[in-house]
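Residue strings, one per chain:
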Amino acid sequence: MTKTTKTRRPGTGGLQQRLRALEGELNGIFTAAAQGMIIADAHGIIRRFNPEAEKIFGYRADEVVGTSLNCLMTDRDRHQHDTYMQRYLKTGKAHIIGIGREVYGRRRDGTEFPLYLAVGELPDTGGGRQFIGILRDISKEKAMEAALRVSEQELRLMIENAPIGVITLDGEGHVQYANAALLRMLGVMVDDIEGSSFESWIIPDDQELFRQFRQKVLMHRAGSAIELRLRPPGGELLHVGLHGGLVDTPLRGPMITAHVINRTPQVLAEQEASAHREALAQVDRLNTLGEMASGIAHEINQPLTAIATYAQAIRRMMEQLPAMPPEMHEALEQMSTQAERAGEIIHRMRGYVRKRAIAYEATDLNECLRSIVKLAMSNVRENEGHIHLELNAGLPRVTIDSVQIQQVVMNLILNALDAMKMVAPEHRKIVVRTHRPAPDCVQVDVADRGPGLSSSVANVLFTPFVTTKAGGMGLGLPISLSIITAHGGKFWHAPNPGGGMCFSFTLPVATEAADAAL
Amino acid sequence: MQPSEAVVYVVDDDHSVRQAVCMLLRSVGYRPVPCATAAELLDKLQPDAGGCIILDVRMPGMSGLQLQEHMNQRQLDLPVIFITGHGDVDMAVMAMKAGAFDFLQKPFKDQALLDSLERALQRDEERRQRLEGRRRLREKLALLTAREREVLNGMVAGKANKVMALDLGLSERTVEAHRARVMEKMQARSLAELVHEMASFDNQESFP
């Protein structure tokens, strides 16, 4: 069709033909356009209504042509339309013509919908002024936009109110965004942190670590995690875990976004546990040394005693004989003297090692046990055994060195776990129990479900350097016995009713408490 | 008591120590009874005979301290001399509190052990004499009639015959006769001796 119009030269006869062709082309456009097109006159009477407009409004062209545009408009727009039109006709100033704007339309079924409308005036060809409106139903776009806005808002709310800290840093390491949890964690207001260099919140020792983290994320575009210590102004030291990655933003270039988890309570608990472990290990070393010295002293003192006493006995017997050579007397005397001297050396050595500080303090025994059991369990894998606490809540305080008592209980728990290695995992149960068998003492039981002890093992249980464990020193129970004895308590063992062994010890209760109980 | 009469129990799980100590004791005339364990001692112990126990603190099975406690409970009152390879102050205090006679650190001087043993046996002898005296007193008291017992109580309380006669509703002559029989049955040479004998046991045992 276009080909024809272009190849024909304009002429009088051809003009008619050309106009017809043009009209045909316009009709074609009008019909095929993917946009609604409505032509109306200055009175707002619809002259033409294309198929797309039919689709948009739900009217057939023959229903609306010749009627007012009003039926296509909302009440509010209808009023404004009249105002606009009159103003335009009067002043020639268009507010909508040639510009396009978003307005609301009304479908045949009465539903209103957003549409994008551009209006133009058609040249007056004698039939009066005519206007063409080109319009598009934008309700889908609008709905999508709204949904996008909502989801964006939701996302923002989620990040803002996430229970972990979220932070965004620009390429230079300045804070672009920090969520509420992070602000709470640091105890600051949003203005204190946004725009600041994140490095300035990190303690100097950890700043280099953070620089390496940033470099790794920015250069290698790889996610990375670090542990940092932060020091907010005037606040407590914070141990945080920071896990971040790279985000390329169209406006602000590469940024690091990271979540920040406050690990301070765990780190402090770990530090406390490790200090506790260290204190126990220290006491353990001293006790082991002391018990070794004690054990060696005992072992060596026995033969020394025998030597000295044999010599003395012989000397006394020979003195009763008629003639005893003075040299022999002297030699036997020396034998016993030297043996005693060796004994003295051992006693001195032992006294030196034994000098360890025992810190007696009024202690809540249950608390003391809870803390050591917690520590013990932190070193025990799930299937190695379970510890059940059966603590009598009404116990009086006892005057003890809690670290020493904890060492005893730890030792008993480890023995119990060892004893139960041959038992099926589901039966590996240890009970740690406290009770008060008499007014003047409290009792601790550590009962296991192991195979129990043969009488030959039970007889030498407290003998130093005798062990059933590969690599064992054979000092655990002798040390425990020494500790409990030093506390004025008793230490014993008995078969656990229902299988296994039960080790028990008592600790004396301070007199006033015992009297009060009576 | 002569050394030869005293039974000295030597309790130590170490054979050589046990043997050496027994040999030393024999060399000065004692009669040692070696025991390897607390159980063996309890088995061999003759509680009524005099003697002394030399006991190692640390032994497998029942320890020396446990043994002493056991003996305390069963009122086996023989004096105990502890010998120990590790002379803890704590342990010595505990042993002494539990009624030990002495506490010697191994290796010990023979003279220290013998001196301690001598004192222990002396104390045991005294204890036995007290026991014997009490037993004899009880025998003598058993010979008295109820009336004579009443008169005895009056005599010990320092009452004159006249007062007793009044108290008991008897004639003074009858009281005098009872009094003479009491002195005879109690084998007392004087009133002072009788009062002394009664008083020395009064605080230990109430008489029927």
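Scope of this entry: the structure provided in the associated data block. This is a predicted model, so every value here is computed, not measured.

Rules behind the numbers
Residues numbered from 1 in each chain as written. Chains lettered and ligands numbered in written order. Predicted model: local features only at pLDDT ≥ 70, side-chain atom pairs only at ≥ 80, totals over all residues. Helix = DSSP H or I, 4+ residues; strand = E, 2+ residues; numbered from the N terminus. Buried ≥ 20, exposed ≤ 12 C-beta atoms within 10 Å, placed from the backbone. Contact = placed C-beta atoms within 7 Å. Pairing = 2+ DSSP bridges. Axes fitted to C-alpha atoms, helices over the stretch in contact; angles between N-to-C directions. Core = buried A, V, L, I, M, F, W, Y, C linked by C-beta atoms within 7 Å. Nonpolar A, V, L, I, M, F, W, Y, C, P; charged D, E, K, R; others polar.

**Structural notes on the overall build of chain B**
Now for step 1: The number of helices and strands found in chain B is nine helices and five strands.
Now for step 2: The buried share of chain B, reckoned over its 208 residues, is 34%.
Now for step 3: A separation threshold of at least 6 residues defines the contact pool for chain B, and within that pool the share at least 24 residues apart is 62%.

**A few points about unusual backbone geometry**
A negative phi angle characterises most non-glycine residues, just as the trans form characterises most peptide bonds.
Now for step 1: Of note, the bond from Lys106 of chain B into Pro107 of chain B is cis; its omega dihedral lies within 30 degrees of zero at -15 degrees.
Now for step 2: Structurally, the position occupied by Pro107 of chain B is in the loop between β5 (102-105) and α5 (110-143).
Now for step 3: One non-glycine residue, Arg221 of chain A, adopts positive backbone phi at about 50 degrees.
Now for step 4: Secondary-structure assignment places Arg221 of chain A in the loop between α9 (204-220) and β8 (224-230).
Now for step 5: In this structure, Gln187 of chain B is a non-glycine residue whose phi angle is positive, near 50 degrees.
Now for step 6: Inspection of the secondary structure puts Gln187 of chain B in the loop between α8 (172-185) and α9 (191-202).

**Comments concerning the sheet that holds strand β4 (residues 80-84) of chain B**
All names here are of chain B.
Now for step 1: With parallel pairing, the five strands of this open sheet are ordered in space as β2-β1-β3-β4-β5. Here the strands that pair on one side only, and so sit at the sheet edges, are β2 (31-35) and β5. Taking the axes of each pair of neighbouring strands and ignoring which way they run, one obtains an average angle of 20 degrees across the sheet.
Now for step 2: Where strand β1 (residues 7-11) lies against strand β3 (residues 51-56), five bridges are found, and the strand directions are parallel. Along β3, the bridge assignment pairs Tyr9 with Ile53.

**Thoughts on the nonpolar core**
Now for step 1: Residues Val8, Val11, Cys52, Ile53, Ile54, Ile81 and Phe82 of chain B are the most contacted members of the largest nonpolar core, which totals 48 residues.
Now for step 2: The contacts of Val11 of chain B, once residues within four sequence positions are left out, are Cys35, Ala38, Leu41, Ile53, Ile54, Leu55 and Asp56 of chain B.

**Concerning the interface of chain B and chain A**
Now for step 1: At the junction of the two partners, chain B supplies 21 residues and chain A supplies 26 residues.
Now for step 2: The element contributing the most residues to the side of chain B that touches chain A is helix α1 (residues 15-27) of chain B, with seven residues.
Now for step 3: Residues belonging to the side of chain B that touches chain A are distributed by class as follows: eight nonpolar, seven polar and six charged.

**Concerning helix α15 (residues 476-486) of chain A**
Residue and element names in this part refer to chain A.
Now for step 1: In terms of burial, α15 is largely enclosed, as nine of its eleven residues are buried.
Now for step 2: For α15, the set of buried residues is Gly476, Leu477, Pro478, Ile479, Ser480, Leu481, Ser482, Ile483 and Ile484.
Now for step 3: Contacts from the buried residues of α15 go to α10 (264-319), α13 (402-419), β16 (491-495) and β17 (501-508).
Now for step 4: A positive phi of about 80 degrees marks Gly488, the residue just after α15.

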